[in-house]
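Coordinate inspection notes
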Amino acid sequence: MSLVLDSAAQDLLFREARTANSFTDEPVTEEQVQAIYDLVKFGPTAFNQTPLRITLVRSPEARERLVKHLAEGNQAKTAAAPLVAILSADNEFHEELPALLPHFPQAKDMFFAERPVREQSALLNSALQAAYFIVGVRAAGLAAGPMTGADLAGIQKEFLDADHTPLMIVNIGRPAAEGAWFDRSPRLAYDEVVTTV
C-alpha cells in the first residue's frame, strides 16, 4: 500500500467511520475537545486564516433552544447526544491575520477589506476546518454526526451574531453499540472522479 498511515488508523479515520445517529451516555470532556482542536488547528487554509468558530452546546437550556431549530429527523438524536457543537464561520476573521500571517500582515487590507470577499473566503476555509474537525473527532476515538438539516438563520439569531454564519451542527460522542449508523453507502470509484490532463 502507498499510504504511510497504518491500516487501523485508516479504518478509524475513514473506512470504518460513519455519521453517528446514536451514542452512549459517556460524556465528552472539555479536555477531549481541546485535544481535538489542538490537533486539527494545523490543517491548511488560505492565508493561514482561521475562520472556524465552535460553540459547544452543553447546558440543557441551550440544548433545548438549539433542538427547536433542527429538522424533525435531527431533533431526538441531538437532544440525546453527549455533546453538540455549532460550527460557524467568522466573517471578521481578517482581524487576526496580522498575528496569523506575520510575514505578510498587509494581506488583511490588501485582500479582505470588502465584506463579500471575506464571507466567501470564510465559508470555504471554515468548511475545510469543519472537515478537519470531524476527522479529529474520529482520531479521538469518538464519532461525529454532522448535520445541516436546520433553520440556520434561526440558529444564528439564537446563538451567534451577524458576523458569524452557521455551517452545521455536529453531535459528538461514543457511538452506541447497536444502531449507531446506517450501512456504508456507495462511493464513486477513482476513475469516476480523477482525470489526468
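Everything numeric here is computed off the predicted structure, so don't read it as measured data.

With respect to the packing of helix α1 (residues 7–15) against helix α7 (residues 115–139)
Contact geometry for α1 and α7: axes closest at 9 Å, N-to-C directions at 130°. Considering their axes alone, α1 and α7 lie oblique with respect to each other. As for the relative orientation of α1 and α7, their crossing is right-handed in sense. Residues L12, L13 and F14 of α1 pack against V135, R138 and A139 of α7.

Notes on the pattern of salt bridges
Inspection of every chain in the model, using the stated rule, returns 13 salt bridges. Of the charged contacts in the structure, one is a salt bridge between E92 and R118, with a shortest N-O distance of 2.8 Å. Of this pair, E92 sits in the loop between β2 (83–90) and α5 (97–100) while R118 is found in helix α7, placing the two residues 26 residues apart along the sequence. Since its relative accessible area comes to 21%, E92 is described here as partly exposed. What makes R118 buried here is its relative accessible area of 7%. Put simply, E92, R115, R118, E119 and D163 are held in one network by salt bridges that share partners.

Topic: the sheet that holds strand β1 (residues 52–57)
Pairing is antiparallel across the open sheet formed by four strands, whose spatial order is β1-β2-β4-β3. With one partner strand each, in any of the chains shown, β1 and β3 (143–147) form the two edges of the open sheet. Each strand of the sheet is rotated relative to its neighbour by a mean of 30°, with strand direction disregarded. The sheet contact formed by β3 and strand β4 (residues 164–173) spans five bridges and is antiparallel. Counted as the bridge partner of P146 is V170 from β4. Relative to the sheet, helix α4 (residues 72–80) contacts β2, β3 and β4, its axis offset from that of β3 by approximately 145°.

Thoughts on the packing of aromatic side chains
The tally for this structure, following the rule as stated, stands at five aromatic pairs. Aromatic pair F93 and F112: ring centres 5.2 Å apart, planes at 75°, arrangement edge-to-face. Of this pair, F93 sits in the loop between β2 and α5 while F112 sits in helix α6 (residues 107–112); the two residues are 19 residues apart in sequence, bridging distant segments of the chain. Pairing F104 with F111 gives two aromatic rings, centres 6.0 Å apart and planes at 75°, and the pair type is edge-to-face. On the basis of relative accessible area, F104 is assigned to the partly exposed category, the value being 23%.

Brief notes about helix α2 (residues 30–40)
All of the buried residues in α2 are Q32, V33, I36 and V40. All buried residues of α2 project into a common sector of 100° when viewed along the axis, lining one side. Those residues of α2 hidden inside the fold are in contact with β1, β2 and α7.

Some remarks on α4
The complete set of buried residues in α4 reads N74, K77 and T78. Along the axis of α4, the buried residues cluster in a sector spanning 100°; they form a single face. Among the exposed residues of α4, those pointing more than 90 degrees away from its buried face are E72, A76 and A80. On its buried side, α4 packs onto α3 (60–67), β2, β3 and β4.

Cut-offs applied
Residues numbered from 1 in each chain as written. Predicted model: local features only at pLDDT ≥ 70, side-chain atom pairs only at ≥ 80, totals over all residues. Heavy atoms only, no water. Axes fitted to C-alpha atoms, helices over the stretch in contact; angles between N-to-C directions. Helix = DSSP H or I, 4+ residues; strand = E, 2+ residues; numbered from the N terminus. Parallel < 35°, antiparallel > 145°, perpendicular 65-115°, else oblique. Left-handed = near helix turned anticlockwise from the far one by under 90°. Contact = heavy atoms within 4.5 Å. Salt bridge = Lys/Arg side-chain N within 4 Å of Asp/Glu carboxyl O. Buried < 20%, exposed > 50% of the residue type's maximum accessible area, 1.4 Å probe, protein only. Pairing = 2+ DSSP bridges. Phe/Tyr/Trp six-rings, centres within 6.5 Å; stacked < 30°, edge-to-face > 60°. Arc of directions from axis to C-beta.

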